[in-house]
Amino acid sequence: MPRRAASGRRAWSLLKPSVLPGFGVTLGLSLTYLTLIVLIPLAGLAIRAAALGPAQFWALATDQRTVNALWVSFGSSLIAALVNVVFGLVVAWVLVRYNFRGRRLLDAIVDLPFALPTAVAGIALSTLYGPNGWIGAPLLQLGIRVAYTPAGIVIALIFIGLPFMVRTVQPVLEELEQELEEAAATLGANRYQTITRVILPRLLPAILTGFALAFARAVGEYGSVIFIASNIPYKSEIAPLLIVIRLQEFNEPAASAIGMVMLIIAFVMLLVINLIQAWARRRYGAV
Amino acid sequence: MAQYEQDIAVYDSRRPDEPPDAHSRPTSEPAWVKWTLIAIAVLFLAALLLLPLLTVFTQALSKGLGAFFAAFTEPAGAAAIRLTLLVAAIAVPLNLVFGVCAAWAVAKYEFWGKSFLTTLIDIPFSVSPVISGMIYVILFGANSVLSPYLKDAHLQIVFAVPGIVLATIFVTFPFVARELIPLMQDQGTAEEEAALSLGANGWQTFWRVTLPNIRWGLLYGVLLCNARAMGEFGAVSVISGHIRGKTNTMPLHIELLFDSYNFAGAFAMASLLALLALVTLIAKTLLELRYGDHLAATRRH
């Protein structure tokens, strides 16, 4: 039913008039393509999972191996995202605030995890941190094993999540007004107080967004992890790997149940990220 | 004039992190803090990003140049390269056309449900690659509703090239659109309206006004889209069936070689993809520098 705006204008005119041609064609093509490639296949998964019925879905989703796999995925993603908060902040700070030889190179290389295929990252990390690797061998001397242990999963997820953290914080740090820090200093704050009480609160929305993005990406990650993890069921098996195993067993119901759980969590994460950004816009005007 | 330039140079050299005198200023950190932070960042990035990249190339060449090139010329390796190029050659242009259409509709008009549409376009980025492959297995696989019809038509999608192409299109779906939408929103519609009022038709306006304005953003999006299309592993792994020489793309072939302890071969194949990633990064950095100049110029005036 058409609603009427208070001003009496027709609120149901869905498109604001424009002289530019091509709206119908471009929107129509986009919607068709979107529906065929994304919406119908995703709906197919939802329908398949819903067809299981609540009892069977619950049984499959709370199967011990599934629950353990979800724990491994979420636990290691959480640790990796927290590590990225700390180091991502340091990297962003160093890239924005300091001038030194090689800064450009460091800045460019931060995007490597976006560009490097996950399988390549996986075999490189597992070799580098493996018992004979440049980093793995010295660590082994100290009695620390990284590759083929849960620590390996975390290393791969830190690799995957780092650019999300750095690239979310970096622009906000660049836009931060110098005057704020000068004012804090004028009012008698020392540098430590200025950073913890003036700068960090302004960075908080960006840090939260970067954390959520890195976390969400890590939960679904498959390629880089399976090479460096030992992939032992119940212990170091990530949820995406369990989906692959269930599909190879032609156990589609189990695969779709795990997939649906992960999909729901991914959409909740997406919602959380949007809420953080809306909150930050209200509070600071921009993210 | 010389004095003026000298003054400017002195002024420019006073960066916030370079205090004019030995004592640290209240708006910067002491030198030891600065250098500790830089050292932490450099070590962290070296251990996490630079050394893995170096590992790829040293391992690839560890058995000599002969073994390196043999990885590309042996039949299964060559087939994997051909398949990867084919998949990217289909997926990237399709997503390019979609991206331009979607960006035109979203950026140039105000309509109801616009922000919802942009959220929908972003969905593939928040879905696990494994799920991106699985949805097509469920839709077209042996247990699906469509399976009898596909059999009648002798169409094999799962465990065949069409499935690989579909999964690749899904995971690279948002790249171009996402790059173009903010760019075209910033540019507004004034130039297009001017072109139309001067008698250009819609096509002429697009080709001569809009496209030149967005070409660098478009190139940027296509580069990222292509890098992901050639490197996608999880989604393709689920749907390909891993038939050696037939449905193995380069990343899948790398896994196969690595799991059969052919490390030199795996890393040789991986070095090609790493090279592609480096070229993508360099091109991206150059494009950003170009944009950077542009932005700086507009800010100065």
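Quick summary incoming for the structure in this document. (Residues numbered from 1 in each chain as written. Chains lettered and ligands numbered in written order. Predicted model: local features only at pLDDT ≥ 70, side-chain atom pairs only at ≥ 80, totals over all residues. Heavy atoms only, no water.)

**Some remarks on the packing of helix α4 (residues 75-108) of chain B against helix α13 (residues 250-259) of chain B**
All names here are of chain B. Running from N to C, α4 and α13 cross one another at 150°; their axes reach a closest spacing of 8 Å. Relative to α13, the element α4 is oriented roughly antiparallel. Packed against α4, whose contacting residues are Ala76, Gly77, Ala80, Ile81 and Thr84, the element α13 presents Met250, Pro251 and His253 at the interface. By residue class, the composition of the contact of α4 with α13 is 5 nonpolar, 3 polar and no charged. (Axes fitted to C-alpha atoms, helices over the stretch in contact; angles between N-to-C directions. Helix = DSSP H or I, 4+ residues; strand = E, 2+ residues; numbered from the N terminus. Parallel < 35°, antiparallel > 145°, perpendicular 65-115°, else oblique. Contact = heavy atoms within 4.5 Å. Nonpolar A, V, L, I, M, F, W, Y, C, P; charged D, E, K, R; others polar.)

**Some points on the pattern of salt bridges**
The tally for this structure, following the rule as stated, stands at 17 salt bridges over all chains. Among the salt bridges present, the one from Arg65 of chain A reaches Glu237 of chain A, with a minimum N-O distance of 2.7 Å. Placement of Arg65 of chain A in helix α3 (residues 64-97) and of Glu237 of chain A in the loop between α11 (223-228) and α12 (239-248) is noted, with a sequence separation of 172 residues between them. No difference in accessibility class separates Arg65 of chain A from Glu237 of chain A, as the two residues are buried. We note a salt bridge from Lys284 of chain B to Asp111 of chain A, for which the minimum N-O separation is 2.5 Å. In this pair, Lys284 of chain B is assigned in helix α14 (residues 263-300) and Asp111 of chain A in the loop between α4 (103-109) and α5 (112-115), connecting two distinct chains. Here the two residues Lys284 of chain B and Asp111 of chain A agree in accessibility, since each one is buried. (Salt bridge = Lys/Arg side-chain N within 4 Å of Asp/Glu carboxyl O. Buried < 20%, exposed > 50% of the residue type's maximum accessible area, 1.4 Å probe, protein only.)

**Considering the packing of α4 of chain B against helix α5 (residues 114-126) of chain B**
Residues and elements named next belong to chain B. Two elements in contact, α4 and α5, have axes separated by 11 Å at closest approach and are oriented at 160°. Classified by the angle their axes make, α4 and α5 are roughly antiparallel. Crossing handedness for the pair α4 and α5: left-handed. Residues Phe98, Ala102 and Val106 of α4 form the contact with α5, whose own contacting residues are Lys114, Leu117, Thr118 and Ile121. Partitioned by chemical class, the residues of the contact of α4 with α5 number 5 nonpolar, 1 polar and 1 charged. (Left-handed = near helix turned anticlockwise from the far one by under 90°.)

**What about the interface of chain B and chain A?**
Interfaces are frequently sized by the accessible area removed from exposure as the parts join. Each partner contributes to the interface: chain B provides 89 residues, whereas chain A provides 86 residues. Across the chain B to chain A interface the summed buried area is about 8,000 Å²; carbon plus sulfur atoms make up 79%. On the chain B side of the contact with chain A, Leu49, Tyr109 and Ile138 of chain B bury the most area, a combined 8% of that side's loss. For the pair chain B and chain A, the interface holds 2 salt bridges. There are 14 residue pairs in polar contact (both at pLDDT 80 or more) connecting chain B and chain A. By residue number, the principal contributor to the side of chain B that touches chain A is helix α2 (residues 31-60) of chain B, which donates 21 residues. (Buried area = accessible area lost by both parts, 1.4 Å probe. Polar contact = N/O pair within 3.5 Å; in protein donor to acceptor, adjacent residues only side chain to side chain.)

**A word on the state of the cysteines**
Residue and element names in this part refer to chain B. Applying the stated criterion to the full structure yields 0 disulfides over all chains. Unpaired in this structure, Cys101 has its nearest cysteine sulfur neighbour in Cys225, at a distance of 15 Å. Given the relative accessible area of 12%, Cys101 is considered buried. The exposure class of Cys225 is buried, given its relative accessible area of 0%. (Disulfide = S-S within 2.5 Å.)

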